[in-house]
Structure formats: structure tokens, C-alpha cells
Amino acid sequence: MYASSAVPSLIRASKARFTTSLSFCRAFAPRALQVSPLTAQHPRHSFSTAVRSLRCPASRWSHGVDWRSPLSLRAQCRNVSPVIERLQRKFATMASENPFKGILTALPKPGGDEFGKFYSLPALNDPRIDKLPYSIRILLESAIRNCDNFQVTKEDVEKIVDWEKTAPKLVEIPFKPARVLLQDFTGVPAVVDLACMRDAMNKLGSDSDKINPLVPVDLVIDHSVQVDVARSENAVQANMELEFQRNKERFGFLKWGSNAFHNMLVVPPGSGIVHQVNLEYLGHVVFNTEGMLYPDSVVGTDSHTTMIDGLGVAGWGVGGIEAEAVMLGQPMSMVLPGVVGFKLSGKLQNGVTATDLVLTVTQMLRKHGVVGKFVEFYGDGMGKLSLADRATIANMSPEYGATMGFFPVDHVTLQYLKLTGRSDETVAMIEAYLRANKMFVDYTEPQQERVYSSYLELDLADVEPCISGPKRPHDRVLLKDMKADWHACLDNKVGFKGFAVPKDVQNKMAKFSFHGQPAELKHGSVVIAAITSCTNTSNPSVMLGSGLVAKKACELGLQVKPWVKTSLAPGSGVVTKYLLQSGLQKYLNEQGFHIVGYGCTTCIGNSGELDESVASAISENDIVAAAVLSGNRNFEGRVHPLTRANYLASPPLVVAYALAGTVDIDFEKEPIGKGKDGKDVYFKDIWPSSEEVAEVVQSSVLPDMFKSTYEAITKGNPMWNQLSVPEASLYSWDPQSTYIHEPPYFKNMTMDPPGAHGVKDAYCLLNFGDSITTDHISPAGSIHKDSPAARYLLERGVERKDFNSYGSRRGNDEVMARGTFANIRLVNKLLNGEVGPKTVHVPTGEKLNVFDAATKYKAAGQDTIILAGSEYGSGSSRDWAAKGPMLLGVKAVIAKSYERIHRSNLVGMGIIPLCFKAGDDADTLGLTGHERYSIDLPNNIKDIRPGQDVTVTTDTGKSFTCTVRFDTEVELAYFNHGGILPYVIRNLASN
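Residues numbered from 1 in each chain as written. Predicted model: local features only at pLDDT ≥ 70, side-chain atom pairs only at ≥ 80, totals over all residues. Heavy atoms only, no water.

Counted only if it meets this: UniProt positions are given in the numbering used here, feature names are shortened, and annotations may be inferred rather than shown by experiment.
The name that an unreviewed UniProt entry assigns to the protein chain is Aconitate hydratase, with the source organism given as Trapa natans. Per UniProt, the comment on the protein chain under Catalytic activity (unreviewed entry) is "citrate = D-threo-isocitrate". Among the UniProt annotations of the protein chain, the heading Cofactor (unreviewed entry) holds the following wording: "[4Fe-4S] cluster".

## Regarding the overall build of the protein chain
Let me state the cut-off plainly: Each helix corresponds to a stretch of at least 4 residues labelled H or I by DSSP, and each strand to a stretch of at least 2 residues labelled E; elements are numbered beginning at the N terminus. For the radius of gyration, the atom set is restricted to C-alpha positions; the globular benchmark scales as 2.2 Å times the number of residues to the power 0.38. Buried, partly exposed and exposed residues are distinguished by accessible area as a fraction of the type maximum, computed with a 1.4 Å probe on protein chains only: under 20%, between the cut-offs, and over 50%, respectively.
Along the backbone of the protein chain there are 35 helices and 36 strands. Rg of the C-alpha trace for the protein chain: 27 Å, near the compact-globule value of 30 Å for 991 residues, within the 12% margin. Across its three principal axes, the protein chain shows a C-alpha extent of roughly 85 × 75 × 60 Å. When the 991 residues of the protein chain are sorted by exposure, 66% land in the buried category.

## Observations regarding the sheet that holds strand β5 (residues 179-183)
Defined as follows: DSSP bridges decide pairing: two strands pair if at least two such bridges lie between them. Lines fitted to the C-alpha atoms define the axes, with helices restricted to the stretch that makes contact. Angles between their N-to-C directions range from 0 to 180 degrees.
Strand order in this open sheet of five strands is β7-β6-β5-β10-β11, and the pairing throughout is parallel. Both outer strands of the open sheet, β7 (264-267) and β11 (314-317), are each paired with one neighbouring strand and no more. Within the sheet, the average angular offset between the axes of one strand and its neighbour, ignoring direction, is 20 degrees. Across four bridges, the pairing between strand β6 (residues 217-220) and β7 is parallel. The residue of β7 that forms the bridge with D218 is L265.

## Side note on the nonpolar core
We apply this condition: The definition of a nonpolar core used throughout is a set of buried Ala, Val, Leu, Ile, Met, Phe, Trp, Tyr and Cys residues joined through side-chain atoms within 4.5 Å. When checking whether two residues touch, look at their non-hydrogen atoms; a contact exists if any pair is within 4.5 Å.
Core analysis: the largest hydrophobic core is formed by 280 residues, its most contacted members being F377, L653, Y657, F667, F821 and Y872. Ranked by residues supplied to this core, first place goes to helix α8 (residues 184-203) with 10 residues. Sequence-distant contacts of L653, defined by excluding residues within four places in its chain, comprise D356, C466, I467, L479, F667, F683 and W687. Counting 27 residues, the second largest nonpolar core, distinct from the first, contains I894, V952, C962 and V964.

## Description of the sheet that holds strand β35 (residues 949-954)
Reading around the barrel, the seven strands line up as β28-β31-β32-β33-β36-β35-β34 and close back on themselves, with mixed pairing between neighbours. Across this sheet, the average inter-strand angle for adjacent strands is 40 degrees, counted without regard to direction. In this structure, strand β32 (residues 890-895) lies alongside strand β33 (residues 912-916), joined through four bridges in parallel fashion. By the bridge assignment, A895 is partnered in β33 with C915.

## So, the pairing of strand β8 (residues 286-289)
By the bridge criterion, four bridges tie β8 to strand β9 (residues 292-295) in an arrangement that is antiparallel. The partner of T289 across the bridge, within β9, is M292.

## As for unusual backbone geometry
Glycine aside, a negative phi is what most residues show, and trans is what most peptide bonds show. In the segment running from G469 into P470, the intervening peptide bond is cis, with an omega of 10 degrees. Here P470 shows up in the loop between β17 (466-468) and β18 (476-478). For E871, which is not glycine, the phi torsion reads 60 degrees and is therefore positive. Relative to the helices and strands, E871 resides in the loop between β31 (864-867) and α32 (880-887).

## Notes on the state of the cysteines
Rule in force here: Disulfide: a pair of cysteine sulfur atoms within 2.5 Å of each other.
One pass over the full model with this rule turns up zero disulfides. Note on C489: no disulfide assigned, nearest cysteine sulfur contributed by C466 at a separation of 15 Å. Judged by its relative accessible area of 1%, C489 falls in the buried class. In this model C915 remains outside any disulfide bridge; the closest cysteine sulfur is found in C962, 8.0 Å from its own. In this structure C915 comes out as buried when scored by relative accessible area, which is 8%.

## Here's the deal with the packing of aromatic side chains
Rule in force here: Only centres within 6.5 Å qualify two rings of Phe, Tyr or Trp (six-membered ring in Trp) as a pair; their planes then separate them into stacked at under 30 degrees, edge-to-face at over 60, and tilted for everything else. In our convention, an over-ring charge means Lys NZ or Arg CZ found within 6 Å of a ring centre and within 35 degrees of that ring's normal.
Considering all chains together, one arrives at 31 aromatic pairs under this definition. Consider the rings of W316 and F374, whose centres lie 5.7 Å apart with planes at 45 degrees: the pair is tilted. Within this pair, whereas W316 is found in strand β11, its partner F374 is found in strand β14 (residues 374-378), the two being separated by 58 residues in sequence. The residues W316 and F374 share a single accessibility class, namely buried. By the ring-pair criterion, three or more aromatic residues cluster together here, those being F253, W256, F261, Y731 and W733. The side chain of R137 reaches across the aromatic face of Y134, ending 4.5 Å from its centre. Between R809 and the ring centre of Y739, over which it is positioned, the NZ or CZ distance is 3.9 Å.

## What to know about the packing of helix α12 (residues 354-368) against helix α13 (residues 387-395)
Heads up, the rule is: For any pair of crossing helices, the crossing counts as left-handed if the nearer helix is rotated counterclockwise from the farther one by less than a right angle, and right-handed if it is rotated clockwise. For this classification, the nonpolar set comprises Ala, Val, Leu, Ile, Met, Phe, Trp, Tyr, Cys and Pro, the charged set comprises Asp, Glu, Lys and Arg, and every other residue, Gly included, is treated as polar.
Packing of α12 against α13 brings their axes to within 9 Å, and their N-to-C directions diverge by 35 degrees. α13 is crossed by α12, and the crossing has right-handed handedness. Together, A354, L357, V358 and V361 of α12 and D389, T392 and I393 of α13 make up the contact between the two elements. Split into classes, the residues belonging to the contact of α12 with α13 amount to five nonpolar, one polar and one charged.

## Re the pattern of salt bridges
For clarity, the cut-off: Note on definitions: salt bridges are taken to be side-chain nitrogens of Lys or Arg within 4 Å of carboxyl oxygens of Asp or Glu.
All told, the structure shown has 51 salt bridges when counted by the stated rule. Put simply, K552 and E692 hold a salt bridge, and the shortest N to O gap is 3.1 Å. Placement of K552 in helix α19 (residues 540-556) and of E692 in helix α25 (residues 690-700) is noted, with a sequence separation of 140 residues between them. Using a relative accessible area of 32% as the deciding quantity, one classes E692 as partly exposed.

## Considerations on helix α35 (residues 980-989)
Think of an α-helix as 3.6 residues a turn; residues three or four steps apart then line up on the same face. Among the 10 residues in α35, 10 count as buried, and that is most of the element. Taken residue by residue, α35 has I980, L981, P982, Y983, V984, I985, R986, N987, L988 and A989 as its buried positions.

## Some thoughts on the environment of I866
Of note, I866 is situated in strand β31. Judged by its relative accessible area of 0%, I866 is buried. When the C-alpha positions of I866 and L766 are compared, they lie 5.2 Å apart, and in sequence the two are 100 residues distant. Among residues more than four places away in sequence, those in contact with I866 are L766, F768, F821, Y872, V890, A892, V893 and I894.

## Digging into the environment of S808
Within the element layout of this structure, S808 appears in the loop between α29 (788-795) and α30 (813-819). We classify S808 as buried; its relative accessible area is 1%. For the pair S808 and F185, spaced 623 residues apart in sequence, the C-alpha to C-alpha distance is 6.2 Å. Discounting chain neighbours no more than four positions away, the residues touching S808 are F185, N247, R250 and Y739.

## Section: the side chain of R390
Topologically, R390 is positioned in helix α13. Classification of R390 as buried rests on a relative accessible area of 0%. If we ignore the near neighbours within four places in the chain, the residues touching R390 are G310, M382, G383, L385, F407, P408, D410, V412 and T413.

## Remarks on the side chain of T537
This is how the line gets drawn: Counted as a polar contact is a pair of N or O atoms within 3.5 Å, where, for protein atoms, one must be capable of donating a hydrogen and the other of accepting one, and residues adjacent in sequence contribute only when both atoms are in side chains.
As for its placement among the helices and strands, T537 is situated in helix α18 (residues 534-537). A polar contact of 2.9 Å, which involves the side chain of T537, links it to the side chain of Q276. When sequence neighbours within four positions are dropped, the list of residues in contact with T537 reads I273, Q276, T532, M543, A569, P570, G571, V575 and Y578.

## Some details on α13
The buried fraction of α13 amounts to nine of the nine residues, a majority that puts the element mostly inside the structure. Among the residues making up α13, those that are buried are L387, A388, D389, R390, A391, T392, I393, A394 and N395.

## Thoughts on the packing of helix α5 (residues 134-145) against helix α6 (residues 154-161)
Axis angle and axis distance: for two packed helices, these are the angle between their axes and the distance between the axes, and together they describe the pair. As a reminder, the rule being used: To sort the angles, those under 35 degrees are grouped as roughly parallel, those over 145 as roughly antiparallel, those from 65 to 115 as roughly perpendicular, and the leftovers as oblique.
As a packed pair, α5 and α6 sit with axes 9 Å apart at the nearest point and diverge in direction by 165 degrees. One way to sum up the angle between α5 and α6 is to call them roughly antiparallel. Classified by chirality, the crossing of α6 by α5 is left-handed. Each of I136, L139, L140, A143 and I144 in α5 lies in contact with α6, whose residues at this interface are V157, I160 and V161.

## Focus: the environment of N804
One can find N804 in the loop between α29 and α30. Taking the C-alpha atoms as reference points, N804 and L766, 38 residues apart in sequence, are found 27 Å from one another. Every residue in contact with N804, bar those within four places of it in the chain, is listed here: Q226, R246, N247, Y739, S782, I783 and R809. Of note is the side chain of N804, whose polar atom sits 2.9 Å from the side chain of Y739.

This is the structure we're talking about:
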């Protein structure tokens, strides 16, 4: 049978499935998922974790659309034990009541009655709580609310209360996020894994229906739209039609998942960018689940989930593998983080944007060192920052390396909630709860001094206009220094700040014909100018500011050159409404910035093809062409294969650089162009004042815009609504599909864990330097015509024009394994300076594509390892950056340091992450990558401790010590089982 739904429906749970989920939750181990004593006191909401109820009559915010019921309290497992029966007996005797039930307090409404009940932090009467950072209080509330001395113990609560002393000791705590957020690039492989896990449960003779999300899951399809058509009034419709042509199979699979799995909502294509939708609509700030009040919190499979921190909601990115485990009741086991207090004072100068501020903050925090930490912002300057400004700063937490960039809730937050259509009663409830539980900041009152792990301070008046690039988000360049910096980059040797262009060709001009008219490019010419990314398109001040720049330029007679690929991709339909309301969209259109779609586009590499004439001029003349985008990532090879220089800038600056046509310009001294009167036009002539921007924001951004946009968000569009999908709970895999393929993770799996293991005589597959990103490891962009992935697709009858992107094919492990380390800008030391997706097969000395070399090693039964420098795996939270190496046969990575999420993903796929000791790396140890490596790890998991030292030896007689980066006992359990997903399946199947 097939069903076509006009709305991504939430499956109504049958009584049988409810019972199955209930029995699963009672039996899951270790630290089994059990009914908490709190749940027993509130039986009606005890398992809205298992099914998202459709019966609740209350509207969501003020929209009157009850498409989701907030999750109730849930319990998760934490420590490791194989003895299910013993845990059940222990639960029966221990998990009888919450030891903190005495602080369960009613929250009265102003006019009588009550909002609900909550666990009161002030009722603990512990002076240490008053000094805690607000972000840590959210962890504390969660631990108290879920404490049953079994899943969460009083000792866990005490660790958090005593944060000032315990955080430096890197203690482990449980945390239970309220919900999970996905986008389609990471959501498709997550749903593929869930579908595959159902099959594995069947093969093990267990109940496949146990594989169901136990917390609310929202999946927003935003990563698939590409800028195929630009500079056209019809661009949105044309690009969406192409998006559906390419991705019909993927979209149908996701629609199947929304029906087959409980508790999963899919927001259709064309709705907006996941983080902007989360900020403007999905974020609760405070949950009221049938009378129980508690803070909203979320983990997402996109590193920029942190954007929600600007709303005072604790949220951060996790790997797709870890998110899947959270959905299925696995723990959010985490190290209690240190918190950097970042004090803001003063106000931004006239003409300085939030983008300038976030690039400044990113550079400061990167220098300070905040990996694995929370950053909490405070100070008098907070009142001068709009909520959208805060969200911009929070969004770029991954770029400065922090787990969160947190802004506690204050009056600015409440104003934003009202602006975006949340009802007055809801906002009153949020304020009352947070004030009562000491989680609200009122800057009109004296501030209690909070304790932080370290401190930073920034006077907002010191922020200057800037951009970042040409290859990393934290390489900030002041606008006034840009011309000099660009010339230094041309001179410098190849690196993050260098292109090594010989002096005698730096002024080379490539002349060509663009659709019959003469055109020219030189080093630094802008060929892509994109207003893109949730980082900035969620911020009305910079979006309307870009419209004002376009308006002033039109009035003065300036015009963007036609060979510059310009685009505007808003993060939600609200942006379109206020650009039209302001009358500024027509000026953006005149400069080529037509709306091209509602999604991430250029920011994630979906920039589409350049015109053939432009592409040829760049390639044939070896031009270092530039892209300027209002995104958050600019790693080489990410934005477009032909733009070697990529700069992050505010939307108004994107328009300004498009008008200039080059990054090789000093905006203070050189004209942007000549106006219609023949006179020079300078940057200052088109740049709006802060007052101009504020005035248009005030008159153009209206609450009704948010209400009307989000009332319609789940209605989909005709193309989505016409997708027919099977109703079966098990997915019927099509062996001919090049988009959705059954992965091999659980083939030949048994109930017995494979156990711990070391590595013996492994070859080095790749030898890297610093800052290898997940884009290098598993690119999301276009599939190169000569790559192993292209070869695979061509062999299956897929024409080159239909290759689509790696990101869109993440549901097919065959494509993704071949796409691992396929970035055309990969720098592998084994190649002695040659750049590209190849390596040396050490036994034969052959130079091969990485996939082909790995296949050769696997065929010979030879393990491989990877050598790397610092910040290995930085960038997007991309689970395929761990899945891919695992499928290539990589057993371990030895690096100087790791990005937080990527290290977790490696553990989740059973790959051993090792760190060189301080002062050591491959170069100082004299390692060339031509050696064979053995890693001495015990075969019994009981003999391995988190963070212990291990010895690595080579066949050339070298020996050195590394730290094994299994950071918690739970991660050791995952390693013992061969990864997190086999661990989950064995636990579920054993019940």
C-alpha cells in the first residue's frame, strides 16, 4: 500500500507499540532506561518520550498548530553492565523515588492557578548554586529532575553543584537533552542507520519495533537545494524543481521515515534553514509537559546547532552516530565542562555589523583556547545586542571551538519570543519559571558575581569592519588592511594564508567573452557573491543592510558585473516578507541578488556551476579567483572547486565586494566604480548608517510575518505532497539505487561483542599536517568526474549531469566510501607536495586514489592508520568523516589534537583515536608514513582506562607514547562492541 500525505505526519502510536516502548524503557541497560519516580507521579506524560502525542489540546505557541507535543521526562542509560536481570532487580529496589522530590514546587500564575510544577534550585539552599554559570545550572536542573539514584545519582548532582572544584578534574556526568535536531545531509544517513538497525534486530530474532526514537526528533530538509539558476525571477521555482529531480528518492525515503518511526517530524524542502527554523519556531526555551516545567535543550547533527544558544536554550552539535544513540535512549555522557566567562561592554560603532563582531569574537576565542568548553556571555554590553546578533555569535561556536556560546535569557530574549509569534501567556510562563529557578538575567538589578573557569572581555566599541579568509573562518582581516593582506597572500608560500603566485604574473589579466560581451578576470576577482547561511540570514539588520547597499548603488548607477554569480538564499520565508515589506528586494534583484531558494546553498558548497566561460578563464589562466559569502565556513575546496580564495563577510559587504568585482581593493582609498554621472563612487557612499538600518528594521520586521510563515511550515509544497511512500515499518532496499543503500555495518553481527584490540603492523594510509577538516575527509560538494565515486556512478548508468553532490548521496555507503578523502585540495605528506585526493600504496610505491589504495590494503588483509597534526576533524559535525575511514579499513588515527565531535564520531565507529604527547608529532619523531605501526592496547576492555597511555612502535625500531582518547567509560564500552550502534543493538536485542 502507498500513502501520500499533505503534511509530514506524525504516526499515531498503536497500543501495541506503546507497550513495546514501555517494556523496552524498563529493561534497557546499562543504567537502564527506566520509568523514573517523577514519571510515576505524572503517569499521563510518562511516555510522551516514546510517542509524540497528538491529543494535547493546547496550541504550540500562538500558532494554533499542535503538530508536536513536548517530550516528557525520560531516562537514559549511562554505565556499562551486561547483566540485564541484575539491573532490573536493582531498579526495582532503588529507583523508587526521586531523592529531590521535596523541592518539587508549584509555579503560580499571576491571576491564580499555576503554570505547573518544577524542581526548584533555590529550595536546595546551597550557596554554591548562586555562583554557578547559567549554562551549568541547566545541567544541574536536568540531573536533579531525573535523579533516581540509579540512572542519575545524588553523586552526579553533587558533582555539578560543586562545579568550581570538579570541572578541572574532567569528571563525567549524565545529561539528558529534551530533543534531537537533524538536517537532511546528516538526517538521511541517520534514518538509513535506523532502518538498517531494524533489519539487524530482525536477523537477531528480536523485535524491530524497538528501533524508534524515544525523544522528539525534528528533521529540516535544507541542505539539498543548489544554486543552479541565479539572477532570475524564477530562480526559486527552477532550483526547487531541480532539487526534487535529483533528490526525489532521498526525499521519499525521509517521508517514509517520518511515517515509519514514531516521534519524528520532517519539515519539507523550501521551508528554511534548520537553525533559523529552530530559532524562530522550534525552540521552546522552557518546556511545559503536562504540568512539568523544565528548560529546553537540544543536540543536533549539525555543528551549528549552537545557534539556539543565543535564545538561552542549551544546544550543541553531536555526530550523527551519537545522535542516533540519543534517539534510541543511549546516554548523553559528557565531561563536565569548564566555562569561559566572556564579558561584553559598550556598543558597536556606527556602521559595524554583527558579522564583524562574530569574526572578532571567533578570533579572540580561538586564540584563548575553548575546545570542549562552554562560553557564557554576560555584561552591560548584552543589552546593546539584539537576539539576532547573539544568535550570530552563538552560531559560530564551532569556528571558535567551543561546545556552546551561551546567552542566558533576559528581557531581550523575551522581546524576541513575542516578535516571533510566541503567545503572551507562553512568554509569561517562560519568564516566571526562569526567574523562580534563578536562570533569568535581569540587568536592571544588581548582579550576583558568578565564577568562571577563565575570563575574557571585549568592548564592543573596539570592533572594526572585517572579513575572514582566504581559507579559514578565524583568519580575520580588518577591512582597511584587506588589500595589503591579499598581496601578502599572493606572495606567501602555499598555506592557509598563501598562494605562492610569482611576482611576474600577479597582475596577469585573463580576457574572455561572456555571452558575447568582453569580460576579464585577474587574481582576486570575485566570481561568487552569496548572501547565504543561517549565521547571517537570521539577522534582519544585516539582511536589510545589504538591501540598503544595493539601493544606494542602484541610485548612484553602479552595477554588479554579469559574470559574478550572485545569489540570495534566506534561512526562512520571514526574510522574504520583510525584504518585500521594506521595498529593498527590488534593488537586490537589480544587482543580481535574486532569491534562489530557502536552504544552505553556497555555505555548504551547493554553489552550483560557474558559467563555462568563467570556469575556463579561471582554469586556463590559473587564476586565484575569489568567493565572498555571508557564511560560516570557507575551507579551501568547500565553497567551489574553482574559488581558491574564499572570504566570510557580512551580507552588506558581500554586495559591496560584488560591486567592486575584486577583493584586491582598499575600500577607504579606492573607488568601487564610476556612477552614472561619471564620478567615482566610494565605499562610504553606499554604506548605510546604523540609524538607517535600525529604522528599516523597526518598520519592516513584524510579528505577523513569523506567525503566517510558521503556520504554513508543515503544509509542504505540491512536489513534496505528491511523493507517495510505502507504509511498511521495514524499508525495502533497492539494490540498484545509487542514493539509498543498505550499509554493511551489521552484516554477520552476533550477540557477542568483538572485544578490545590493538593494531599490528598497520600501514599509513595518509600522513597529514594541521587543520584537516571534515570537508577534507568527507567532502559534501560536487563529485569530480575522474573520482572513484564518479566511476562507480557511471558504471551504474548515472550520467555526469546527474551525479549530484556527495552530501546528497550520504545514504549510499558505496558512494561515500569512494568519496572519503576525495577532496581535490587534500594535502598528503606521502605525495611530497602534490595536492589532490591520492596517496602512496607503501608496499608497491604506486600512487593511487585513496579509495583504490585502501581497497588494495584490505584485499591483502593489511590494516591501516592515519597520521595527523592538530585540529584533526575540525569543521562540520560529519559522521561520514568517521564512517568512511572505517569502511576503508582504518583502525586508528594518531593526531596532535582533535575537534570534539569528530573524536566522538571516531569512537562511535570503533576507530581508535590517539594523541601524540605534548611536543611530539610525526615530524619531531621522524615518522615519514612509510613505516608499519603497532599499537599496544590490551585485548580485555577491563584493562583499558579512559585517557591512558599506550605505546606505539614501528618496524623501523621507533617507539613513542600516545594518549588513547577514549574519554569516558561509556566510550570504552562502545569500543568493546565495535562501535556505538552495535552496542545499542545488542542491548536492545538482549531484552
